[in-house]
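Residue strings, one per chain:
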Amino acid sequence: MTGLDTLHPRLPSPLQELPDDRFARHGIRLLLKRDDLIHPELIGNKWRKLAPNLTAATGRTVVTFGGAYSNHLRATAAAGRLLGLPTVGVVRGQELADRPLNPSLARCAADGMRLHFVDRSTYRRKAEADTLARVLRDVGTEHAYVVPEGGSNAEAVRGCRALGEELRGEADVVALACGTGGTLAGLAAGLAPDQRALGVPVLKGGFLTADIEGLQKEAFGGRIGDWSLDDRFHFGGYARVPYELDAFAEDFEQRHGVPVERLYVAKLLYGLVALAEEGALARGTTVAAVVTGRPFPQEPSAVSR
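This section reports on the structure supplied with the text. (Residues numbered from 1 in each chain as written. Predicted model: local features only at pLDDT ≥ 70, side-chain atom pairs only at ≥ 80, totals over all residues. Heavy atoms only, no water.)

Pairing within the open sheet is parallel, and its four strands lie in the order β5-β4-β3-β6. Pairing within the sheet leaves two strands with one partner each, and these edge strands are β5 (114–118) and β6 (145–146). Relative to β5, strand β4 (residues 87–92) runs parallel, the two being bridged by five bridges. Within the sheet, the bridge partner assigned to Val 88 lies in β5 and is Arg 114. Strands in contact with helix α3 (residues 71–83) are β3 (62–66) and β4; relative to β3, the strand with the most contacts, it is inclined by about 160°. (Pairing = 2+ DSSP bridges. Helix = DSSP H or I, 4+ residues; strand = E, 2+ residues; numbered from the N terminus. Contact = heavy atoms within 4.5 Å. Axes fitted to C-alpha atoms, helices over the stretch in contact; angles between N-to-C directions.)

Pasting the structure below:
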């Protein structure tokens with residue numbers, strides 16, 4: 001074995017039925033698709049999105065982008081260490097350069113990732129050719145393989161199609177939390193025609209539909225699959241973990257013994273409970289919730305307690 005095969009991913013990931021009275025009393029069956037168990041360091045959808053990109057990198061330095069608590073940056077750094085690939089993380093927020101690294105960025109650095117901080121205006125323009133070229137010059141990696149923020153590009157979307165294929169015939173609705181939308185774009189393409197995908201965005205703004213359609217066009221030539229978004233459960237935006245959400249996640253962990261990652265998975269599960277209570281999921285529906293990550297120490301909390 002060579003390359004990624006040597007990391008021994010657990011694929012297909014386990015599918016676990018979870019008895020929960022908040023769903024059962026509405027006649028709904030809940031399954032967890034445990035993508036958090038694919039690999040101990042390349043967790044969840046990060047494996048599915050990174051694997052095809054790391055193959056395409058063919059040994060070149062990998063440059064990618066993220067915020068201060070980016071799961072994607074941590075996964076890319078870990079992959080670089082495991083595979084012997086140089087990695088550079090372009091981090092949003094020039095002001096962070098003079099501060100002690102938070103636990104997430106410290107993990108990236110410990111895994112050998114070189115961190116390069118840019119101001120927020122530059123970060124917003126990172127997809128523009130001139131800005132990207134300048135950033136690559138600044139870090140001395142003009143010939144690097146560039147992976148976009150969140151790892152979402154055509155290669156990643158095609159890699160995530162396997163997630164939908166693994167769930168064919170297993171559920172009526174497959175739900176997951178969305179950041180950049182790449183996982184949903186691929187998942188929806190892999191599901192059977194009688195299944196639908198539901199995305200719960202963790203960022204506010206309502207921009208994700210167009211982004212997902214763009215990713216599907218790039219990967220498959222056009223919109224594909226039955227998918228939709230519910231924008232109500234972002235709790236104020238990315239990295240916002242109010243007390244209500246944290247308490248919900250803690251209760252879920254105590255009920256089921258499943259660790260609940262706060263920035264994505266908690267919002268997904270909270271949203272599904274709310275949809276069940278609203279009657280938005282028909283009696284007799286089987287829902288599979290994709291667990292795309294697991295808790296990282298000292299995840300941010302943006303509330304008073």
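In an α-helix there are 3.6 residues to a turn, and that puts residues three or four apart on one side. Counting buried positions over the nine residues of helix α8 (residues 182–190) gives nine, a clear majority of the element. Those residues of α8 that fall on the buried side of the exposure criterion are Gly 182, Thr 183, Leu 184, Ala 185, Gly 186, Leu 187, Ala 188, Ala 189 and Gly 190. (Buried < 20%, exposed > 50% of the residue type's maximum accessible area, 1.4 Å probe, protein only.)

To summarise the sheet geometry, strands pair through backbone hydrogen bonds and adopt either a parallel or an antiparallel arrangement. Strand order across the open sheet formed by six strands is β1-β2-β10-β7-β8-β9, with mixed pairing between neighbours. The open sheet is flanked by β1 (15–17) and β9 (227–229), the only strands paired with a single partner. Each neighbouring strand pair of the sheet contributes to a mean axis angle of 25°, computed without reference to strand direction. As paired strands, strand β7 (residues 173–178) and strand β10 (residues 286–290) are joined by three bridges and run parallel to one another. Considered in β10, the bridge of Ala 175 is made with Ala 289. Each of β7, β8 (196–201) and β9 touches α8; the most contacted strand, β7, lies at about 165° to it.

The subject of this paragraph is unusual backbone geometry. In this chain, Leu 11 is followed by Pro 12 through a cis amide linkage whose omega measures -5°. Mapping Pro 12 onto the fold places it in the segment before β1. With a phi angle near 55°, His 8 is a residue other than glycine that sits in the positive phi range. Along the polypeptide, His 8 turns up in the segment before β1. His 8 sits in the exposed class, given a relative accessible area of 55%. One non-glycine residue, Phe 235, lies in positive phi territory at about 55°. Along the polypeptide, Phe 235 turns up in the loop between β9 and α10 (243–256).

Looking now at the packing of aromatic side chains. Tallying each qualifying case throughout the model produces six aromatic pairs. An angle of 70° between the planes, with centres 6.3 Å apart, marks the rings of Phe 65 and Tyr 123 as edge-to-face. Of this pair, Phe 65 sits in strand β3 while Tyr 123 sits in helix α5 (residues 120–124), and the two are 58 residues apart along the sequence. By relative accessible area, which is 3% here, Phe 65 ends up buried. Using a relative accessible area of 3% as the deciding quantity, one classes Tyr 123 as buried. Ring plane angle 75° and centroid distance 5.3 Å describe the contact between Phe 248 and Tyr 270, whose orientation is recorded as edge-to-face. (Phe/Tyr/Trp six-rings, centres within 6.5 Å; stacked < 30°, edge-to-face > 60°.)

We now examine the pairing of β7. When you tally the buried positions in β7, you get six out of six residues, the bulk of the element. With six bridges joining them, β7 and β8 adopt parallel strand pairing. Note on β8: the bridge partner recorded for Leu 176 is Gly 199. As a crossover connection, the stretch from β7 through α8 into β8 is right-handed. (Right-handed = clockwise from strand over helix to strand, strands pointing away.)

Moving on: the packing of helix α2 (residues 45–57) against helix α7 (residues 154–166). One can describe the packing of α2 onto α7 by two numbers: an axis separation of 7 Å at closest approach and a directional angle of 135°. In terms of orientation, α2 lies oblique with respect to α7. Both α2 and α7 take part in a crossing whose hand is right-handed. Judged by residue contacts, Arg 48, Lys 49, Pro 52 and Asn 53 of α2 engage Glu 155, Ala 156, Gly 159, Cys 160, Ala 162, Leu 163 and Glu 166 from α7. (Parallel < 35°, antiparallel > 145°, perpendicular 65-115°, else oblique. Left-handed = near helix turned anticlockwise from the far one by under 90°.)

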